[in-house]
Amino acid sequence: MPVTAPGPCGTCPPESPRRRFRGRFQERILSHSDQPRPLQSRAGGPLAGKVRVPGDKSISHRALILGALSVGESRISGLLEGEDVLNTAKSMRALGARVERTGDFAWSVRGVGVAGFAQPTAPLDFGNSGTGCRLVMGAVAGCPISAVFDGDASLRSRPMRRVLDPLEKMGARVVAGGEGGRLPLTLQGARDPLPITYKTPVASAQIKSAVLLAGLAAPGTTTVIESEASRDHTELMLRHFGADITSIAEGAHGRRVALVGQPELHGARVVVPADPSSAAFPIVAALIVEGSDLVLTDVMTNPLRTGLFTTLREMGASIEESDVRGDAGEPMAQLRVRASRLRGVEVPPERAPSMIDEYLVLAVAASFAEGTTIMRGLHELRVKESDRLAATADMLRVNGVKVEISGDDLIVEGRGHVPGGGLVATHMDHRIAMSALVMGCASDQPVKVDDTAFIATSFPDFIPMMRALGADLS
Ligand code: S3P
């Protein structure tokens, strides 16, 4: 079985401007202003092979940020070299850290210590990445500097007030821009940041992480309370870098996280496991294409990220785990996925935080299932890279699947097959593009997507990897 190693930018043909480099790898041009890249996916033979999808995006952002806030050197292996993470790497450099690529997916960060960021001389551009932008806002909020935060049209449309509200309580201020809580804006960090106790209004690891990163610079204990537990990579990694942080149960599904401020963080080694949110695409493709048999190595299996796997198994999916191990508190395993007959299920709202990025591709699986799948409590999907609730319904509808949005719920009528034949609008959203291409792998007629360029934000080698596994993408 072939092992496909991710390359620098799998979605770009050789002549593309995105292939041009200005000196070092991490300074390559990241503009999406060039022509859209449409692509078509059609049913072919079974998918087979053994692959490692790229490193986890959430952990990659955090490793760079915590490395930059530490004293000494951090060595990161398996970093996701997608555009979102490369923008975070650039911003850490602009804030004074030494960030270097030392090999394939291997990076070194020499940090400036907690609250040690330098005043950046240019705006920090986070491109398409809400995670990079919001986490760095938290880290900047605890430093006596000001920074301009900006991003692409998708990021400029996303709400930032959810992060700015607690950061202002800690002493940071928005001094320019930020109309309606949107980018571009200038954030002035606090000279003397205050520790706070903050109850997050929505289950969001980005809000929690921003508050904790600002709390690093505050004296005393910063506490975040969430009524639904969101991914805990920041907590696990803060502990790995030397912080005193505790997390205990709160209510039925929540957590109370307490961080003792002003620790000395020490550079650490971080091994980034494969991203379960990226693995989701080949996994669903293998489930719906008859005869498929796929192995994915090193997939992170942190229970706060595996709601999709739970749901797919409830639908009848054959997903076997082996080689279970862990590194720095993050569990991982090898997954073997075989084509399966799926049936519709009801997905409870409290599962949403553990699979918040996976509903698009779950909706694809649900379209190929027999029976109705009801996904409850999806309000947060409206404020992702696009309005994913509306975009998912559109993706299914244009391909002949019966789908309904009822309040915050998505209801998909699975009929065991998908007519296909539709053109899917990707709305600058990588996960819409990949989900639609997965749908086309098994639909009666090909599925087209209008632009695959944004796939490079999270899964640069998605297209060549899927082709190597047997998908017909042209
Ligand atoms: C992320 C948190 C989630 C998720 C995003 C990554 C993170 O966002 O959708 O892709 O790394 O903290 P929210 O915090 O808005 O739920």
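Starting afresh in each chain, residues are numbered from 1 along the sequence in its written order. Where local features are concerned, this predicted model is filtered to residues with pLDDT of at least 70; where side-chain atom pairs are given and counted, the filter is 80 or more; whole-chain, interface and lining totals use all residues. Only hydrogens and water are removed before side-chain values are computed, so all heavy atoms of the structure are retained for them.

**Let's talk about the sheet that holds strand S24 (residues 447-449)**
Backbone-to-backbone hydrogen bonds join strands into a sheet, with any given pair of strands oriented parallel or antiparallel. Whether two strands pair depends on DSSP finding at least two bridges between them. A helix here means a DSSP run of H or I that spans at least four residues, while a strand means a run of E at least two residues long, and both kinds are numbered starting from the N terminus. The sheet built from 4 strands is open, its strands ordered S23-S24-S2-S25 with mixed pairing. This sheet does not close on itself; its edge strands, each paired only once, are strand S23 (423-424) and strand S25 (472-473). Taken together, the 3 bridges between strand S2 (residues 39-42) and S24 define a ladder with antiparallel strand orientation. Within S24, the position partnered with serine 41 by the bridge is valine 447.

**Section: the environment of leucine 69**
Here leucine 69 shows up in the loop between helix H1 (57-68) and strand S4 (73-77). Burial here depends on accessible area, computed with a 1.4 Å probe over protein chains only, as a share of the maximum for the residue type. Under 20% is buried, over 50% is exposed, and the range in between is partly exposed. By relative accessible area, leucine 69 is classed as buried at 2%.

**With respect to the sheet that holds strand S5 (residues 98-103)**
Strand order in the open sheet formed by 4 strands is S5-S6-S4-S15, and the pairing between neighbours is mixed. Where the open sheet ends on each side, the last strands, each with one partner, are S5 and strand S15 (269-271). Going from strand to strand, the sheet's axes swing by 20 degrees on average, the running direction of each strand aside. Of the pairings in the sheet, the one linking S4 to S15 comprises 3 bridges and is parallel in character. If you follow serine 77 over to S15, its bridge partner there is valine 271. Against the sheet, H1 engages S4, S5, strand S6 (106-110) and S15, with an angle of about 30 degrees to S6. Under this scheme, a helix contributes an axis fitted over its contacting stretch, all axes are lines through C-alpha atoms, and angles between N-to-C directions fall in the 0 to 180 degree range. Residue contacts are counted whenever heavy atoms from the two residues lie within 4.5 Å of one another.

**Some details on the state of the cysteines**
Only a pair of cysteine sulfur atoms within 2.5 Å counts as a disulfide in this structure description. Considering all chains together, one arrives at 0 disulfides under this definition. Looking at the unpaired cysteine 133, the closest cysteine sulfur is the one in cysteine 143, lying at 15 Å. Accessibility expressed as a relative area gives 0% for cysteine 133, which makes it buried.

**Observations concerning the domain arrangement of the protein**
Where each domain starts and ends follows an automatic or database-derived domain assignment. For the protein, the domain assignment lists domain 1 (3-56 + 273-473) and domain 2 (57-271). Distance from the C-alpha centre of domain 1 to the C-alpha centre of domain 2: 27 Å. Taken together, the contact between domain 1 and domain 2 spans 39 residues of the former and 39 residues of the latter. For the pairing of domain 1 and domain 2, the buried interface totals around 3,500 Å² over both sides, and the portion due to carbon and sulfur atoms is 53%. Any Lys or Arg side-chain nitrogen found within 4 Å of a carboxyl oxygen on Asp or Glu counts as a salt bridge. Between domain 1 and domain 2 we count 4 salt bridges in total. With a shortest N-O distance of 2.9 Å, glutamate 380 and arginine 162 are connected by a salt bridge. In this count, Pro and Cys sit with the nonpolar residues alongside Ala, Val, Leu, Ile, Met, Phe, Trp and Tyr, while Asp, Glu, Lys and Arg are called charged and the others, Gly among them, polar. Its residues assigned to classes, the side of domain 1 that touches domain 2 comprises 16 nonpolar, 8 polar and 15 charged. Once two parts are put together, the accessible area they lose, assessed with a 1.4 Å probe and summed over both, is termed the buried area.

**Comments concerning the side chain of serine 91**
Position of serine 91 among the secondary structure elements: in helix H2 (residues 83-94). Judged by its relative accessible area of 3%, serine 91 falls in the buried class. Separated by 2.8 Å, the side chain of serine 91 and the backbone oxygen of threonine 88 make a polar contact. The residues contacting serine 91, other than those within four sequence positions of it, are Leu124, Phe126 and Val136. A 3.5 Å cut-off defines polar contacts: any pair of N or O atoms within that distance qualifies, except that in protein one atom must be a possible hydrogen donor and the other a possible acceptor, and neighbouring residues in sequence count only when both atoms are side-chain atoms.

**A closer look at the site of the ligand**
Residues in contact with the ligand, as listed here, are Ser58, Arg62, Thr131, Ala203, Ser204, Ala205, Gln206, Arg231, Ile356, Asp357 and Lys384. With respect to the ligand, the side chain of arginine 62 contributes an N or O atom lying 2.6 Å from an oxygen atom. The separation between an oxygen atom of the ligand and a polar main-chain atom of glutamine 206 is 2.9 Å. For accessible areas, the Shrake-Rupley method is used with a probe of radius 1.4 Å. Any residue's cover is judged against the shown protein chains and nothing else. Across the complex, the protein chains shield 95% of the 380 Å² of accessible surface that the ligand would expose by itself. The set of elements that each furnish at least two residues to the shell around the ligand consists of H1 and helix H6 (205-215). Its residues assigned to classes, the shell around the ligand shows 3 nonpolar, 4 polar and 4 charged. Here the shell around the ligand spans two domains, and each of domain 1 (3-56 + 273-473) and domain 2 (57-271) adds at least three residues to it. Note on definitions. A residue lies near a molecule or strand when any single heavy atom of the residue is within 4 Å of it.

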